[in-house]
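Chain by chain, the residues:
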Amino acid sequence: VDEARSLIASLHGRPFAWDMETDGLDPYKITRRALSLADDRMAYWLPEAVTDAVKRDFVELLRDPTSEPRGSNTKYDLKVVATWGLGFEPTQCSSVDTQVLHWLWHPDDYQHGLKRITRGLLKRDVLELDDATKVLTDRNCRPVYYGEMDIAVFEKVRSLLDEGNLEAVMRL
């Protein structure tokens, strides 16, 4: 939790990407919440227990007028944060939304999701949430540094997960 608080504190006054990882589409009915954050150097995944512990810190980051939050479908994510009961309103944050930007840039394209944008425009693959959570939930609730994972290791992990071999993944 201390590492997560330090990470959030380091993002004040800087651009960063964020995403709420949830188990549903209705922000008022979800039961599972995790937070993904990224800056220009690293990406982090904060499991639900850590996210719950740093909610106030994160709300203050979103309210900070010097911070530059960016995300995909942030309208939904801001509604999730608003359900935390901390007096946060989505209008208290000026988060840039990649889906809105993509829609403005490509109004005739009817797919504006982050995976489509990443694969189509950036020509990069994406880490699926299912892949990450199967591997990372046993990592003592510490932030995950995707940037440190070698692509060959990632591909091996994905293959092992597809085979259902979680034990081999944990030995890596």
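On a predicted model such as this, the values are computed, not experimentally measured, just so you know.

## Thoughts on the overall build of the protein
Consideration 1: Scanning the protein from N- to C-terminus turns up nine helices and five strands.
Consideration 2: Each helix (α) and strand (β) of the protein, taken in turn from the N terminus, gives the series α-β-β-β-α-α-β-α-β-α-α-α-α-α.
Consideration 3: When each of the 172 residues of the protein is scored for burial, the buried share is 38%.

## A word on the packing of aromatic side chains
Consideration 1: Applying the stated criterion across every chain, the model contains two aromatic pairs.
Consideration 2: Every member of this aromatic cluster is reached through a ring pair, and the members are Trp18, Phe58 and Trp84.

## Re the sheet that holds strand S5 (residues 96-97)
Consideration 1: Across the sheet, which stays open at both edges, the five strands sit in the order S3-S2-S1-S4-S5 with mixed pairing between neighbours. In the strand order of this sheet, the two ends are held by strand S3 (43-46) and S5, each with one partner.
Consideration 2: Two strands pair when backbone bridges link them, and strand S1 (residues 15-22) and strand S2 (residues 33-38) are joined in this way by six bridges, in the antiparallel orientation. Considered in S2, the bridge of Glu21 is made with Ala34.
Consideration 3: Helix H4 (residues 74-82) contacts S1, S2, strand S4 (68-71) and S5 of the sheet and is inclined by roughly 70° relative to S1.

## Re unusual backbone geometry
The bulk of non-glycine residues show a negative phi, and the bulk of peptide bonds are trans.
Consideration 1: The backbone of Asn73 shows a phi angle near 60°, a positive value even though the residue is not glycine.
Consideration 2: Here Asn73 lies in the loop between S4 and H4.
Consideration 3: Accessibility expressed as a relative area gives 33% for Asn73, which makes it partly exposed.

## A word on the confidence of the model for the protein
Consideration 1: Residue-level pLDDT values for the protein average 80, and 79% of them are 70 or greater.
Consideration 2: Between the elements of the protein, mean pLDDT differs from a low of 54, seen in helix H7 (residues 129-136), to a high of 96, seen in helix H3 (residues 55-63).

## Focus on the pairing of S4
Consideration 1: Residues of S4 alternate between two faces, with Pro69 and Gly71 buried on one and Glu68 and Arg70 left unburied on the opposite face.
Consideration 2: Two elements, S1 and S4, share three bridges in a ladder whose sense is parallel. Considered in S4, the bridge of Ala17 is made with Arg70.
Consideration 3: Note: S4 against S5, two bridges, orientation parallel. Counted as the bridge partner of Arg70 is Val96 from S5.

## A short note on H4
Consideration 1: Those residues of H4 that sit buried are Thr74, Tyr76, Asp77, Leu78, Val80 and Val81.
Consideration 2: Elements in contact with the buried residues of H4: S1, S2, H3, S4 and S5.

## Points about the environment of Ala34
Consideration 1: Position of Ala34 among the secondary structure elements: in strand S2.
Consideration 2: Note on Ala34: relative accessible area 6%, which makes it buried.
Consideration 3: In this structure, the C-alpha to C-alpha distance between Ala34 and Pro47, residues 13 residues apart in sequence, is 4.9 Å.
Consideration 4: In this structure, Ala34 is in contact with Asp19, Met20, Glu21, Trp45, Leu46, Pro47, Glu48 and Thr51, ignoring residues within four places of it in sequence.

## Details of the packing of helix H5 (residues 98-105) against helix H6 (residues 114-121)
Consideration 1: Between H5 and H6, the least distance of the axes is 10 Å, while the angle of their chain directions is 55°. Taken together, the axis directions place H5 and H6 in an arrangement best described as oblique. Of the two possible hands of crossing, H5 and H6 adopt the one that is left-handed. Where H5 abuts H6, its residues Thr98, Gln99, His102 and Trp105 lie against Leu114, Ile117 and Leu121.
Consideration 2: When the residues that make up the contact of H5 with H6 are grouped by side-chain class, the tally is four nonpolar, three polar and no charged.

Criteria and cut-off values
Residues numbered from 1 in each chain as written. Predicted model: local features only at pLDDT ≥ 70, side-chain atom pairs only at ≥ 80, totals over all residues. Heavy atoms only, no water. Helix = DSSP H or I, 4+ residues; strand = E, 2+ residues; numbered from the N terminus. Buried < 20%, exposed > 50% of the residue type's maximum accessible area, 1.4 Å probe, protein only. Phe/Tyr/Trp six-rings, centres within 6.5 Å; stacked < 30°, edge-to-face > 60°. Pairing = 2+ DSSP bridges. Contact = heavy atoms within 4.5 Å. Axes fitted to C-alpha atoms, helices over the stretch in contact; angles between N-to-C directions. pLDDT = per-residue confidence, 0-100. Parallel < 35°, antiparallel > 145°, perpendicular 65-115°, else oblique. Left-handed = near helix turned anticlockwise from the far one by under 90°. Nonpolar A, V, L, I, M, F, W, Y, C, P; charged D, E, K, R; others polar.

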